[in-house]
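The primary structure of each chain is shown beneath.
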Amino acid sequence: MSSRLAACLAALLLIAACATAKPTSAPPASGRSRDLVVLLPDEHGKTGAILVSGAGGERLLTKPREAVEVAGDAPPGDPFSMPEREVIALVGPALKALPKPPAQFILYFRHNSAELTDASRAQLPSVYRTIRERAPVDISVVGHTDTVGERQYNHRLSLQRARAVAALLAAKGVEPSILDVTSHGKDNPLIPTGDQVPEPRNRRVEVTVR
Amino acid sequence: MRRASWIAVLLAGLSWAAPVPFAAAGETIGIVRNSTGKASITRDSQAFPAPAGTKLFAGDTLSTGPDGSMGAILRDNSTISLGPSSTLVIGDFLFAPAEGKLRLLVRISRGTMSYLSGLIGKFAPESARFETPVASIGIRGTRFAVKVDE
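Residues numbered from 1 in each chain as written. Chains lettered and ligands numbered in written order. Predicted model: local features only at pLDDT ≥ 70, side-chain atom pairs only at ≥ 80, totals over all residues.

1. What about the overall build of chain A?
A count of helices and strands for chain A gives three helices and eleven strands. Its helices and strands taken in sequence order, chain A reads β-β-β-β-β-β-β-α-β-α-β-α-β-β from the N to the C terminus. Expressed as a percentage of the 210 residues in chain A, the buried residues total 40%. Taking contacts inside chain A between residues at least 6 apart in sequence as the whole, the part at least 24 apart equals 62%. (Helix = DSSP H or I, 4+ residues; strand = E, 2+ residues; numbered from the N terminus. Buried ≥ 20, exposed ≤ 12 C-beta atoms within 10 Å, placed from the backbone. Contact = placed C-beta atoms within 7 Å.)

Next comes the structure, spelled out in C-alpha coordinates:
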(Lines give C-alpha, C1' and ligand atoms only; values in the text may rest on other atoms or scores of the structure.)
Protein backbone atom coordinates (compact mmCIF):
# COMPACT_ATOMS: atom_id res chain seq x y z
CA MET A 1 0.00 0.00 0.00
CA SER A 2 1.48 3.30 -0.92
CA SER A 3 0.16 6.76 -1.28
CA ARG A 4 1.85 9.28 -3.44
CA LEU A 5 1.69 12.90 -4.14
CA ALA A 6 2.40 14.50 -7.44
CA ALA A 7 2.96 18.17 -6.89
CA CYS A 8 2.90 20.67 -9.68
CA LEU A 9 3.85 24.20 -8.85
CA ALA A 10 3.07 27.32 -10.68
CA ALA A 11 6.40 28.90 -9.85
CA LEU A 12 6.25 32.41 -8.66
CA LEU A 13 8.29 35.50 -8.71
CA LEU A 14 7.93 38.13 -6.10
CA ILE A 15 9.46 41.43 -5.46
CA ALA A 16 9.66 43.31 -2.26
CA ALA A 17 10.47 46.88 -2.97
CA CYS A 18 10.99 48.98 0.09
CA ALA A 19 9.46 51.90 -1.59
CA THR A 20 11.39 55.01 -2.23
CA ALA A 21 9.74 55.11 -5.64
CA LYS A 22 6.06 55.95 -5.76
CA PRO A 23 4.07 53.92 -8.27
CA THR A 24 1.53 56.20 -9.92
CA SER A 25 -1.08 53.48 -10.17
CA ALA A 26 -1.01 52.78 -6.45
CA PRO A 27 -3.88 54.04 -4.38
CA PRO A 28 -2.86 56.90 -2.11
CA ALA A 29 -1.36 55.66 1.15
CA SER A 30 -0.42 57.56 4.23
CA GLY A 31 2.65 56.90 6.32
CA ARG A 32 6.31 57.44 5.67
CA SER A 33 7.68 54.03 4.97
CA ARG A 34 5.76 52.02 2.41
CA ASP A 35 6.88 48.72 1.07
CA LEU A 36 5.57 47.37 -2.18
CA VAL A 37 5.21 43.76 -3.20
CA VAL A 38 4.29 42.66 -6.70
CA LEU A 39 3.63 39.14 -7.96
CA LEU A 40 5.00 38.25 -11.40
CA PRO A 41 4.68 35.27 -13.72
CA ASP A 42 7.70 33.00 -14.18
CA GLU A 43 9.52 32.55 -17.49
CA HIS A 44 6.89 30.04 -18.63
CA GLY A 45 4.10 32.52 -17.95
CA LYS A 46 2.86 30.73 -14.82
CA THR A 47 1.87 32.79 -11.82
CA GLY A 48 1.88 31.42 -8.27
CA ALA A 49 0.37 33.15 -5.26
CA ILE A 50 1.70 35.04 -2.27
CA LEU A 51 0.21 36.13 1.02
CA VAL A 52 1.31 39.58 2.16
CA SER A 53 0.80 40.38 5.83
CA GLY A 54 1.14 43.71 7.60
CA ALA A 55 -0.08 45.28 10.82
CA GLY A 56 -3.46 43.68 11.45
CA GLY A 57 -4.24 42.41 7.98
CA GLU A 58 -3.23 40.27 5.04
CA ARG A 59 -3.76 40.16 1.28
CA LEU A 60 -3.55 37.24 -1.10
CA LEU A 61 -2.05 38.07 -4.49
CA THR A 62 -2.80 35.58 -7.27
CA LYS A 63 -2.74 37.48 -10.58
CA PRO A 64 0.19 38.48 -12.78
CA ARG A 65 1.52 41.93 -11.80
CA GLU A 66 -0.87 42.19 -8.89
CA ALA A 67 0.70 44.47 -6.29
CA VAL A 68 0.08 45.69 -2.78
CA GLU A 69 1.53 48.45 -0.64
CA VAL A 70 2.20 48.04 3.05
CA ALA A 71 2.77 50.91 5.45
CA GLY A 72 4.18 50.35 8.90
CA ASP A 73 1.14 51.41 10.84
CA ALA A 74 -1.77 50.03 8.82
CA PRO A 75 -3.05 46.85 7.23
CA PRO A 76 -1.90 46.26 3.62
CA GLY A 77 -3.72 48.41 1.06
CA ASP A 78 -6.05 47.17 -1.65
CA PRO A 79 -4.30 45.03 -4.27
CA PHE A 80 -3.95 46.74 -7.64
CA SER A 81 -2.69 45.80 -11.06
CA MET A 82 0.68 47.32 -11.87
CA PRO A 83 1.48 48.13 -15.52
CA GLU A 84 4.54 46.31 -16.80
CA ARG A 85 6.42 49.52 -17.49
CA GLU A 86 6.04 50.57 -13.86
CA VAL A 87 7.29 47.20 -12.69
CA ILE A 88 10.37 47.72 -14.84
CA ALA A 89 10.81 51.30 -13.64
CA LEU A 90 10.61 50.21 -10.01
CA VAL A 91 12.54 46.94 -9.96
CA GLY A 92 14.05 46.54 -13.42
CA PRO A 93 17.67 46.20 -12.24
CA ALA A 94 16.76 43.52 -9.67
CA LEU A 95 14.81 41.57 -12.31
CA LYS A 96 17.69 41.86 -14.73
CA ALA A 97 20.03 40.44 -12.09
CA LEU A 98 17.84 37.39 -11.42
CA PRO A 99 19.94 34.42 -12.60
CA LYS A 100 18.79 31.82 -15.08
CA PRO A 101 17.42 28.79 -13.24
CA PRO A 102 19.93 25.93 -12.87
CA ALA A 103 20.61 23.44 -15.66
CA GLN A 104 19.59 19.89 -14.83
CA PHE A 105 20.70 16.56 -16.28
CA ILE A 106 19.34 13.10 -15.56
CA LEU A 107 21.80 10.27 -16.13
CA TYR A 108 20.52 6.68 -16.15
CA PHE A 109 22.15 3.49 -14.90
CA ARG A 110 22.09 -0.19 -15.65
CA HIS A 111 20.01 -2.45 -13.41
CA ASN A 112 21.55 -2.97 -9.96
CA SER A 113 24.73 -1.24 -11.08
CA ALA A 114 26.70 1.99 -10.77
CA GLU A 115 27.46 1.85 -14.48
CA LEU A 116 25.88 4.43 -16.77
CA THR A 117 23.73 3.37 -19.72
CA ASP A 118 25.34 3.99 -23.10
CA ALA A 119 22.86 6.77 -23.89
CA SER A 120 23.68 8.59 -20.66
CA ARG A 121 27.40 8.10 -21.13
CA ALA A 122 26.99 9.83 -24.49
CA GLN A 123 25.34 12.74 -22.70
CA LEU A 124 28.34 13.45 -20.46
CA PRO A 125 30.06 15.87 -22.86
CA SER A 126 27.06 18.19 -22.73
CA VAL A 127 27.21 18.08 -18.91
CA TYR A 128 30.89 19.05 -18.99
CA ARG A 129 30.16 21.77 -21.53
CA THR A 130 27.41 23.28 -19.42
CA ILE A 131 29.66 23.29 -16.36
CA ARG A 132 32.38 25.05 -18.33
CA GLU A 133 29.99 27.59 -19.84
CA ARG A 134 28.32 28.49 -16.58
CA ALA A 135 31.46 28.43 -14.43
CA PRO A 136 31.89 29.32 -11.66
CA VAL A 137 29.17 26.94 -10.54
CA ASP A 138 27.76 25.00 -7.61
CA ILE A 139 26.76 21.40 -8.45
CA SER A 140 24.48 18.84 -6.79
CA VAL A 141 24.84 15.16 -7.64
CA VAL A 142 21.92 13.15 -6.28
CA GLY A 143 21.66 9.38 -6.71
CA HIS A 144 18.44 7.37 -6.94
CA THR A 145 17.30 3.78 -7.49
CA ASP A 146 14.09 2.07 -8.49
CA THR A 147 12.06 0.37 -5.76
CA VAL A 148 13.41 -3.17 -6.22
CA GLY A 149 15.24 -4.35 -3.09
CA GLU A 150 15.69 -3.25 0.49
CA ARG A 151 15.71 0.40 1.46
CA GLN A 152 19.19 0.35 2.96
CA TYR A 153 20.67 -1.53 0.00
CA ASN A 154 19.20 1.00 -2.40
CA HIS A 155 20.54 3.86 -0.36
CA ARG A 156 24.04 2.45 -0.75
CA LEU A 157 23.54 1.77 -4.45
CA SER A 158 22.29 5.28 -5.15
CA LEU A 159 25.26 6.71 -3.25
CA GLN A 160 27.62 4.58 -5.38
CA ARG A 161 25.91 5.96 -8.49
CA ALA A 162 26.24 9.54 -7.29
CA ARG A 163 29.91 8.99 -6.41
CA ALA A 164 30.56 7.43 -9.82
CA VAL A 165 29.22 10.56 -11.52
CA ALA A 166 31.14 12.81 -9.12
CA ALA A 167 34.33 10.90 -9.98
CA LEU A 168 33.70 11.39 -13.71
CA LEU A 169 33.22 15.13 -13.16
CA ALA A 170 36.32 15.36 -10.96
CA ALA A 171 38.32 13.52 -13.63
CA LYS A 172 37.32 16.30 -16.03
CA GLY A 173 38.76 18.87 -13.68
CA VAL A 174 35.69 19.84 -11.67
CA GLU A 175 36.81 20.95 -8.22
CA PRO A 176 35.43 18.36 -5.72
CA SER A 177 34.57 21.10 -3.19
CA ILE A 178 31.81 22.44 -5.47
CA LEU A 179 30.19 19.00 -5.71
CA ASP A 180 27.43 18.23 -3.23
CA VAL A 181 26.98 14.46 -3.41
CA THR A 182 23.90 12.89 -1.79
CA SER A 183 21.67 9.86 -2.24
CA HIS A 184 17.95 9.36 -1.88
CA GLY A 185 17.81 5.60 -2.42
CA LYS A 186 14.36 4.51 -3.53
CA ASP A 187 12.56 7.29 -1.62
CA ASN A 188 12.32 9.81 -4.41
CA PRO A 189 11.37 8.06 -7.66
CA LEU A 190 11.02 10.12 -10.80
CA ILE A 191 8.29 7.77 -11.99
CA PRO A 192 6.07 6.84 -9.04
CA THR A 193 5.63 3.07 -8.76
CA GLY A 194 4.66 0.62 -6.07
CA ASP A 195 7.36 -1.12 -4.04
CA GLN A 196 9.58 -3.75 -5.73
CA VAL A 197 8.88 -2.45 -9.24
CA PRO A 198 11.76 -2.39 -11.73
CA GLU A 199 11.73 0.98 -13.51
CA PRO A 200 14.76 2.01 -15.59
CA ARG A 201 13.79 5.69 -15.44
CA ASN A 202 14.20 5.65 -11.66
CA ARG A 203 17.77 4.29 -11.78
CA ARG A 204 19.37 7.65 -12.11
CA VAL A 205 21.62 10.44 -10.90
CA GLU A 206 20.38 13.99 -11.15
CA VAL A 207 23.07 16.56 -11.77
CA THR A 208 22.07 20.16 -11.07
CA VAL A 209 24.44 22.86 -12.26
CA ARG A 210 23.76 26.19 -10.54
CA MET B 1 12.60 56.49 4.99
CA ARG B 2 15.25 54.40 6.67
CA ARG B 3 18.67 55.72 5.96
CA ALA B 4 20.60 52.86 4.56
CA SER B 5 24.19 52.52 5.56
CA TRP B 6 26.40 51.09 2.85
CA ILE B 7 29.02 48.78 4.22
CA ALA B 8 32.43 49.70 2.93
CA VAL B 9 34.10 47.01 0.94
CA LEU B 10 37.37 46.58 2.74
CA LEU B 11 38.88 43.85 0.62
CA ALA B 12 38.31 45.30 -2.82
CA GLY B 13 41.72 44.26 -4.05
CA LEU B 14 41.38 40.65 -3.06
CA SER B 15 41.31 38.14 -5.88
CA TRP B 16 38.04 36.26 -5.94
CA ALA B 17 39.86 33.04 -6.54
CA ALA B 18 41.37 33.28 -3.07
CA PRO B 19 39.63 31.25 -0.41
CA VAL B 20 36.82 33.01 1.36
CA PRO B 21 38.65 34.93 4.05
CA PHE B 22 36.39 33.95 6.91
CA ALA B 23 35.57 30.52 8.18
CA ALA B 24 31.87 29.93 7.71
CA ALA B 25 29.91 27.58 9.87
CA GLY B 26 27.67 25.08 8.18
CA GLU B 27 27.11 24.18 4.57
CA THR B 28 27.12 26.10 1.35
CA ILE B 29 23.55 27.22 0.69
CA GLY B 30 24.09 28.74 -2.72
CA ILE B 31 26.34 30.66 -5.04
CA VAL B 32 26.52 34.18 -6.42
CA ARG B 33 25.87 33.93 -10.17
CA ASN B 34 26.39 37.54 -11.16
CA SER B 35 27.18 40.89 -9.65
CA THR B 36 27.81 44.37 -10.95
CA GLY B 37 29.15 47.53 -9.34
CA LYS B 38 29.48 47.45 -5.60
CA ALA B 39 28.20 44.09 -4.40
CA SER B 40 29.30 42.58 -1.12
CA ILE B 41 28.62 39.94 1.47
CA THR B 42 28.86 40.52 5.19
CA ARG B 43 29.64 37.45 7.27
CA ASP B 44 30.62 37.49 10.94
CA SER B 45 30.58 41.33 10.86
CA GLN B 46 33.12 41.47 8.06
CA ALA B 47 32.36 42.61 4.53
CA PHE B 48 34.03 41.33 1.37
CA PRO B 49 33.30 41.66 -2.34
CA ALA B 50 30.92 39.14 -3.89
CA PRO B 51 31.84 38.38 -7.50
CA ALA B 52 30.28 35.48 -9.43
CA GLY B 53 31.26 32.19 -7.81
CA THR B 54 31.17 33.41 -4.21
CA LYS B 55 29.65 30.73 -1.97
CA LEU B 56 26.79 31.68 0.31
CA PHE B 57 26.10 30.54 3.85
CA ALA B 58 23.08 30.88 6.10
CA GLY B 59 23.24 34.20 7.93
CA ASP B 60 24.99 36.05 5.10
CA THR B 61 24.03 39.65 4.44
CA LEU B 62 24.00 40.61 0.76
CA SER B 63 24.44 44.30 -0.07
CA THR B 64 24.71 46.44 -3.18
CA GLY B 65 25.82 50.03 -3.71
CA PRO B 66 24.06 52.68 -5.82
CA ASP B 67 25.59 51.20 -9.00
CA GLY B 68 25.36 47.57 -7.87
CA SER B 69 23.26 44.47 -8.42
CA MET B 70 23.66 40.84 -7.45
CA GLY B 71 22.01 37.54 -8.40
CA ALA B 72 22.34 34.18 -6.67
CA ILE B 73 21.06 30.61 -6.93
CA LEU B 74 20.24 28.75 -3.73
CA ARG B 75 20.60 24.99 -3.21
CA ASP B 76 16.85 24.44 -3.60
CA ASN B 77 17.17 25.91 -7.13
CA SER B 78 15.41 29.12 -6.21
CA THR B 79 16.91 32.33 -7.54
CA ILE B 80 17.19 35.64 -5.75
CA SER B 81 18.46 39.04 -6.78
CA LEU B 82 19.09 42.53 -5.46
CA GLY B 83 18.79 45.82 -7.32
CA PRO B 84 20.95 48.86 -6.48
CA SER B 85 21.29 50.22 -2.92
CA SER B 86 19.77 47.10 -1.44
CA THR B 87 20.44 44.93 1.60
CA LEU B 88 19.00 41.59 2.56
CA VAL B 89 19.88 38.82 5.00
CA ILE B 90 19.39 35.14 4.27
CA GLY B 91 18.52 34.58 7.91
CA ASP B 92 17.73 30.92 7.62
CA PHE B 93 18.10 28.34 4.90
CA LEU B 94 17.71 24.63 5.31
CA PHE B 95 17.37 22.25 2.39
CA ALA B 96 17.49 18.61 3.42
CA PRO B 97 14.57 17.02 1.57
CA ALA B 98 15.62 13.50 2.58
CA GLU B 99 15.07 14.49 6.21
CA GLY B 100 12.06 16.66 5.44
CA LYS B 101 13.89 19.77 6.64
CA LEU B 102 13.08 22.75 4.44
CA ARG B 103 13.23 26.35 5.52
CA LEU B 104 13.89 29.77 4.04
CA LEU B 105 13.80 33.15 5.74
CA VAL B 106 14.91 36.31 3.94
CA ARG B 107 14.81 39.77 5.48
CA ILE B 108 15.15 42.75 3.16
CA SER B 109 15.90 46.02 4.93
CA ARG B 110 16.32 48.38 1.98
CA GLY B 111 16.15 48.55 -1.80
CA THR B 112 14.65 46.02 -4.17
CA MET B 113 14.77 42.26 -4.59
CA SER B 114 13.20 39.61 -6.75
CA TYR B 115 12.79 35.93 -6.08
CA LEU B 116 11.77 32.92 -8.12
CA SER B 117 10.78 29.99 -5.96
CA GLY B 118 12.45 26.61 -6.19
CA LEU B 119 12.01 23.27 -4.48
CA ILE B 120 11.22 24.68 -1.03
CA GLY B 121 8.38 26.63 -2.63
CA LYS B 122 7.25 23.42 -4.27
CA PHE B 123 7.49 20.96 -1.36
CA ALA B 124 6.96 23.20 1.66
CA PRO B 125 5.70 26.64 0.59
CA GLU B 126 4.62 27.42 4.16
CA SER B 127 8.28 27.10 5.25
CA ALA B 128 9.41 30.05 3.12
CA ARG B 129 9.04 33.58 4.41
CA PHE B 130 10.21 37.02 3.37
CA GLU B 131 10.18 39.99 5.71
CA THR B 132 10.43 43.68 5.05
CA PRO B 133 10.51 46.15 7.94
CA VAL B 134 6.70 46.37 7.81
CA ALA B 135 5.45 43.33 5.94
CA SER B 136 5.77 39.58 5.83
CA ILE B 137 5.35 37.62 2.61
CA GLY B 138 4.53 33.93 2.37
CA ILE B 139 4.27 31.62 -0.62
CA ARG B 140 0.80 30.22 -1.29
CA GLY B 141 -1.23 28.79 -4.06
CA THR B 142 0.79 25.75 -4.94
CA ARG B 143 -1.28 23.52 -7.17
CA PHE B 144 -1.50 19.90 -6.14
CA ALA B 145 -2.67 16.79 -7.87
CA VAL B 146 -3.08 13.93 -5.47
CA LYS B 147 -3.49 10.31 -6.30
CA VAL B 148 -3.80 7.66 -3.64
CA ASP B 149 -3.23 4.06 -4.56
CA GLU B 150 -5.71 1.56 -3.34
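2. With respect to unusual backbone geometry
Of note, the amide linkage connecting A:Ala135 to A:Pro136 takes the cis form, showing an omega dihedral of 0°. Counting through the fold element by element, A:Pro136 comes out in the loop between helix 2 (118-134) and strand 9 (139-143). In this structure, B:Asp44 takes a positive phi of about 50° despite not being glycine. At B:Asn77, a residue that is not glycine, the phi angle is positive and equals roughly 75°. Mapped onto the secondary structure, B:Asn77 falls in the loop between strand 6 (69-74) and strand 7 (79-82).

3. Describing the sheet that holds strand 3 (residues 46-49) of chain B
In spatial order, the strands read 5(A)-4(A)-12(B)-11(B)-9(B)-8(B)-5(B)-2(B)-3(B); together these nine strands make up an open sheet with mixed pairing. Two strands close off the open sheet at either side, each with one partner strand: strand 5 (57-61) of chain A together with strand 3 of chain B. The average undirected angle you get between the axes of adjacent strands in this sheet is 20°. Pairing analysis gives four bridges linking strand 9 (residues 101-110) of chain B to strand 11 (residues 128-131) of chain B, with the strands arranged parallel. Across the sheet, B:Leu105 pairs through a bridge with B:Arg129, a residue of strand 11 of chain B. (Pairing = 2+ DSSP bridges. Axes fitted to C-alpha atoms, helices over the stretch in contact; angles between N-to-C directions.)

4. Brief notes about the pairing of strand 11 (residues 204-209) of chain A
All names here are of chain A. The element strand 11 is extensively covered by neighbouring structure, given that five of its six residues are classed as buried. Here strand 8 (residues 103-108) pairs with strand 11 via six bridges, running antiparallel. What sits directly across from Tyr 108, in strand 11, is Arg 204. Of the strand pairs in this sheet, strand 9 and strand 11 are connected by five bridges, and their pairing is antiparallel. Looking at the pairing, Gly 143 lines up with Val 205 of strand 11.

5. Describing the pairing of strand 12 (residues 136-140) of chain B
Residues of strand 12 of chain B alternate between two faces, with B:Ile137 and B:Ile139 buried on one and B:Ser136, B:Gly138 and B:Arg140 left unburied on the opposite face. Two elements, strand 4 (residues 49-54) of chain A and strand 12 of chain B, share five bridges in a ladder whose sense is antiparallel. When the bridges of strand 12 of chain B are listed, A:Ala49 appears paired with B:Arg140. The sheet contact formed by strand 11 of chain B and strand 12 of chain B spans three bridges and is antiparallel. Bridge pairing in strand 12 of chain B links B:Phe130 to B:Ile137. Connecting strand 11 of chain B to the next strand, strand 12 of chain B, in antiparallel fashion are four residues.

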